[in-house]
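For reference, the chains in residue letters:
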Amino acid sequence: MSSLDSAAAEIPVEEIGLLQMPAEVILELCKTFLPAGNLPLSTYREYEYALESFSALARLARTCSAIHEIVAPLLDEYKGKPLRPELIPWARSMMQCGETCQYETSFNMVPSDNNGLFIDSDCLRWDTFASNYSFSTPSTLRQHFIQTTDALHETTLFHGMRSMIPFLILPRLPNLKSITFYLTFVEAIHTQNPRGPIIQHNFTRSWDSLKYAKLIGFQPVDIRNDLLTWDGDPASINLGCDLSYYSWFLNHSTNLEVLEIERIVTCDVGLKMPSLVSMRLIHCSLTAFTMTTLMESSLDRLESFVYRTGFYHDYLQLKNVNRLWDEIYPAQIIDSIKQIAQLQTLEIDIRGRGSLSRRNAKDDGCDDPRWHFIYTLTIIKTLRHVSLTQQTLWEPYFNRSPGFENDGTNTGKRRLIYLLPTSIESFTLSDVTAEFLPAIITLAEHVETKMFKNLKQVRFHPSPDLVRQITHAKAHEDDPDIPRHRVIQGSVYFCGVDPSILRRIKRAVTIFKRANVEVDFSSEVYPFITDNKDDLQRQRDLCHWCSRCHWDEVGCLEKQDSSEEVRNCPYGEFC
């Protein structure tokens, strides 16, 4: 080492923190997180990078107020601006540049996407591609590619023409890892007409690189009229939600690891997915036969199964709602998956078959409700993580059915002991009612005796009615002057508060902690999966308790004859 190098090495180097830099320098550094080029972005790969960059920038902004003041204006500039690629410009860039196709790893087409502009100069290229795949040429149907209103409210033919895009472009993407698209009525017709085999042959190359697929059932607003015109069979309404029409695609995705299926109604053929490790059914309306057919597929490696309901109108006590399908029974789901050899994670979220409310409305009874609910999961020996809603184990209609009025089987103290396998590591139960608190305490006591020695975490989310009762009990606990009874015309009426609820919850939490199990008994309901903000707000409103409904067994929003004034009482004294 030279003397000059030795002298340089001895000079102390002072580290400069980010906040010690001038604001202008910090601003320029933050700009490097932002996507380059014009919006919307041209490829889905760029879109994924942009989402990661925005997330990183947002996390940086939350570190301190000084950084937030610099970063916030940058993020505000992108609010309301489209980031996702528009379908037709994206397809154009894929057709123009083979190198871009090599680097594209994602494709995402959902019903609400914008098509973008269809340019005359692209007609020849589009028509050539369409002819190769036995499609009608886009240049003669260009008016059906034009989007004049919100895509969700476009015609069936518009969505059918849009469905040409994945058929034309996806075979050119050899390194595709993730795909999301929705099933359209016209695509289903393609598979039945003479061109169907040609389309399938071109589309079903070997998808060795594909790891994730999400398929969304969809029916445009005018599909019923189109179907009646097409073949006169109203039963064909399910065509846009039939997974069977995509079996040829899934069966060629031999390395597919994650499959998410949304709003599917039927599937009458088995699927071959030997590498699948995770399946998620979201808002599907499947019969027991369809569920069994689907789960009889090649699922030897399946480790995670999720079923989340799309029905919650009874749960929200909504009136005059037409239900096109009945929810599959929880017990039927278990019957269809119990043979899966490596299943480790199970989540079943069912809300809407009955109501957990204490309202006096008459629920429909059934002949033998014992076959509806899950009684044990011990038959699935490999289970490690279980998340259920209480509706999978018991609902009030069970005890309103003839002959079962006094049957306490489904709410007994040992209910969860018989339910869970001893291999369980984490357990979540949502929409818990007061009836299940003894079972939770008993579970805690058995955990303390090391019966479930692998259990590390438990989480409980109360039902809206239990949230009301907890709030009511806390109000009395915090203010002893709140009356517990009143006299009307010589008769004594009690408010119905159950002070033991708080004590029982505290006892369960204490025992779990004593057994070194991480426990969370939330004071809030677990929200269901929906984009409907009004329904989510109604779920929160059903948790409401105030002085106006102090003397009632049910909340203000649950009163069948409640006036609009009372219904809007969440601004009450104890709300």
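Every value quoted in this text rests on a predicted model; they were computed, and no experiment measured them.

**With respect to the overall build of the protein**
When helices and strands are tallied, the protein shows 22 helices and 13 strands. Looking at the protein as a whole, 50% of its 575 residues qualify as buried. Sequence-distant contacts, at least 24 apart, represent 74% of the contacts inside the protein between residues at least 6 apart. Accessible area of the protein: about 28,000 Å², with a carbon and sulfur share of 51%.

**A few points about unusual backbone geometry**
In this structure, D431 is a non-glycine residue whose phi angle is positive, near 60°. Its place among the elements puts D431 in strand β9 (residues 426–432).

**With respect to the pattern of salt bridges**
Evaluated as defined, the whole model comprises 14 salt bridges. Shared partners join several salt bridges into a network, and the residues in it are K214, E260, E262, R263 and R280.

**As for the packing of aromatic side chains**
Per the counting criterion, the structure on display carries 11 aromatic pairs. Between Y44 and F107, the ring centres sit 5.7 Å apart and the planes meet at 80°, which makes this aromatic pair edge-to-face. Placement of Y44 in helix α3 (residues 44–61) and of F107 in strand β1 (residues 106–108) is noted, with a sequence separation of 63 residues between them. For Y44, a relative accessible area of 1% corresponds to the buried category. Judged by centre distance (5.6 Å) and plane angle (35°), the ring pair of F460 and F521 falls under tilted. Taken together, the positions of F460 in strand β10 (residues 457–462) and F521 in strand β13 (residues 518–521) put the pair 61 residues apart, joining distant regions of the chain. Exposure remark for F460: the relative accessible area of 1% places this residue in the buried category. Put simply, the rings of F427, F460, F512 and F521 touch in pairs and so form one group of aromatic residues.

**A short note on helix α18 (residues 437–448)**
Helical periodicity: at 3.6 residues per turn, an α-helix aligns residues three or four positions apart in one direction. Between its first and last C-alpha atoms α18 spans 17 Å; for 12 residues at 1.5 Å apiece the expected length is 16 Å, and the two agree. Counting buried positions along α18 yields nine of 12 residues, so the element is predominantly enclosed. Along α18, the residues classified as buried are L437, A439, I440, I441, T442, L443, A444, H446 and V447. Those residues of α18 hidden inside the fold are in contact with α17 (415–419), β9, β10, α20 (500–514) and β13. Immediately downstream of α18, the backbone of K450 shows phi near 70°, a positive value.

**Thoughts on the sheet that holds β1**
Spatially, 11 strands are ordered β1-β2-β3-β4-β5-β6-β7-β8-β9-β10-β13 in an open sheet, and the strand pairing comes out parallel. The two strands at the open ends of the sheet, each matched to only one other strand, are β1 and β13. In this sheet, adjacent strand axes meet at a mean angle of 10° when their direction is disregarded. The pairing of strand β8 (residues 385–389) with β9 spans five bridges and is parallel. Paired with S387 across the strands is T428, a residue of β9. With respect to the sheet, helix α14 (residues 288–295) is in contact with β4 (258–262), β5 (278–282) and β6 (304–308), its orientation differing from that of β5 by roughly 160°.

**A look at the pairing of β10**
Where β9 meets β10, six bridges bridge the pair, whose relative direction is parallel. Counted as the bridge partner of S430 is H461 from β10. For the handedness criterion, the β-α-β arrangement of β9, α18 and β10 is classed as right-handed. Here β10 runs beside β13; their pairing, made up of four bridges, is parallel. Residue pairing in the sheet places Q457 in a bridge with E518 of β13.

**Quick word on the confidence of the model for the protein**
Per-residue confidence for the protein gives a mean pLDDT of 79; residues scoring 70 or more make up 80%. Low confidence marks residues 222–237, where pLDDT is under 50. Its contacts with residues over four positions away, or in another chain, come to 21 contacts.

**Quick look at the side chain of E260**
As for its position among the elements, E260 is in strand β4. On the basis of relative accessibility, which here comes to 11%, the residue E260 falls in the buried class. Within the structure, the side chain of E260 is placed 3.2 Å from the side chain of Y212, a separation counted as a polar contact. Among the polar contacts made by the side chain of E260, one reaches the side chain of R280 at a distance of 3.4 Å. Excluding its chain neighbours within four sequence positions, the residues that come into contact with E260 are Y212, A213, K214, L215, R280 and I282.

**Side note on the environment of L316**
Tracing the backbone shows L316 in the loop between β6 and α15 (330–337). By relative accessible area, which is 0% here, L316 ends up buried. The spatial distance from the C-alpha of L316 to the C-alpha of G352 is 8.1 Å, given a sequence separation of 36 residues. Residues within four places of L316 in sequence aside, it is in contact with F528, D535, R538, Q539 and L542.

**A few points about the packing of helix α2 (residues 23–31) against helix α4 (residues 65–76)**
α4 packs onto α2 with a crossing angle of 45° between their chain directions and a minimal axis gap of 10 Å. When the interaxial angle is binned, α2 and α4 end up oblique. At the point where α2 passes α4, the crossing takes the right-handed sense. Between α2 and α4, the contacting residues are A23, I26, L27, C30 and K31 on the first element and I67, I70, V71 and L74 on the second. Of the residues belonging to the contact of α2 with α4, the class tally is eight nonpolar, no polar and one charged.

**With respect to a nonpolar patch on the surface**
A contiguous nonpolar surface patch, about 210 Å² in accessible area, is contributed by L18, V25 and L29. Residue position: L29 is located in helix α2. Overall, L29 belongs to the partly exposed group, its relative accessible area being 39%.

What counts, and at which threshold
- Residues numbered from 1 in each chain as written.
- Predicted model: local features only at pLDDT ≥ 70, side-chain atom pairs only at ≥ 80, totals over all residues.
- Heavy atoms only, no water.
- Helix = DSSP H or I, 4+ residues; strand = E, 2+ residues; numbered from the N terminus.
- Buried < 20%, exposed > 50% of the residue type's maximum accessible area, 1.4 Å probe, protein only.
- Contact = heavy atoms within 4.5 Å.
- Areas by Shrake-Rupley, 256 points an atom, 1.4 Å probe, with all protein chains shown as cover.
- Salt bridge = Lys/Arg side-chain N within 4 Å of Asp/Glu carboxyl O.
- Phe/Tyr/Trp six-rings, centres within 6.5 Å; stacked < 30°, edge-to-face > 60°.
- Expected span 1.5 Å × (residues − 1).
- Pairing = 2+ DSSP bridges.
- Axes fitted to C-alpha atoms, helices over the stretch in contact; angles between N-to-C directions.
- Right-handed = clockwise from strand over helix to strand, strands pointing away.
- pLDDT = per-residue confidence, 0-100.
- Polar contact = N/O pair within 3.5 Å; in protein donor to acceptor, adjacent residues only side chain to side chain.
- Parallel < 35°, antiparallel > 145°, perpendicular 65-115°, else oblique.
- Left-handed = near helix turned anticlockwise from the far one by under 90°.
- Nonpolar A, V, L, I, M, F, W, Y, C, P; charged D, E, K, R; others polar.
- Patch = residues over 30% accessible without salt bridge, like charges linked within 9 Å, V, L, I, M, F, W, Y side chains within 5 Å.

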